[in-house]
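Coordinate inspection notes
Read off the chains here:
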Amino acid sequence: MNRLLLVEDEGLVRMVARDVLEVGGFTVVEAENGDEAIRLLDDLDHVDIVVTDVRMPGRHDGVDVARHARSRFPQIPVIVATGFAANIRDRLQQFAPGVVLVEKPYRLDRLAALARSLSGSHQSH
């Protein structure tokens, strides 16, 4: 089963997303902000895909999470969700390919399908 790191500061959104992603076949590891996500990435032996919000409280945003995930797991696909896509596309160019921007609000079933398709092309084990 693919391990997915879900980074979302809104508790209700994170809970519902986790449920949909688990039904979609993922083992979900949750972080409520970028700082926690970076600590988790340092501790985990593998992650198959990261789904992260951009704007979160704390020192690190979703782009920082993507950068750290790629430094630990160079080929890992990352889905970045944001309601404020203005300058985010430019900041994400450095991670192409394998980083997909999803604008909020998004449909969770589509997010799960996207995560499945991206993680299916990346099997680390």
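Residues numbered from 1 in each chain as written. Predicted model: local features only at pLDDT ≥ 70, side-chain atom pairs only at ≥ 80, totals over all residues. Heavy atoms only, no water.

The protein carries the name Response regulator in an unreviewed UniProt entry, which gives Teichococcus wenyumeiae as its organism.

**A few points about the pattern of salt bridges**
A side chain with one charge may pair with a side chain of the opposite charge, provided their charged atoms come close. For the coordinates displayed, the defined rule picks out nine salt bridges. In this structure, the salt-bridge partner of arginine 18 is aspartate 19, at a minimum N-O distance of 3.3 Å. Residue classification places arginine 18 among the partly exposed positions, given a relative accessible area of 22%. Using a relative accessible area of 37% as the deciding quantity, one classes aspartate 19 as partly exposed. For aspartate 109, the salt bridge is made with arginine 107, and the minimal N-O distance between the two is 2.6 Å. Among the residues examined, aspartate 109 registers a relative accessible area of 42% and is labelled partly exposed. In this structure, a network of salt bridges that share partners links the residues Arg14, Arg18, Asp19 and Glu30. (Salt bridge = Lys/Arg side-chain N within 4 Å of Asp/Glu carboxyl O. Buried < 20%, exposed > 50% of the residue type's maximum accessible area, 1.4 Å probe, protein only.)

**Here we look at the UniProt feature "modified residue: 4-aspartylphosphate" (unreviewed entry) in the protein**
The feature "modified residue: 4-aspartylphosphate" (unreviewed entry), as annotated in UniProt, sits at Asp53 in this numbering. The residue aspartate 53 is located in strand E3 (residues 49-53) in this model. When sequence neighbours within four positions are dropped, the list of residues in contact with aspartate 53 reads Val7, Glu8, Asp9, Gly62, Ala81, Thr82 and Lys104. (UniProt positions renumbered as here; feature names shortened; annotations may be inferred. Helix = DSSP H or I, 4+ residues; strand = E, 2+ residues; numbered from the N terminus. Contact = heavy atoms within 4.5 Å.)

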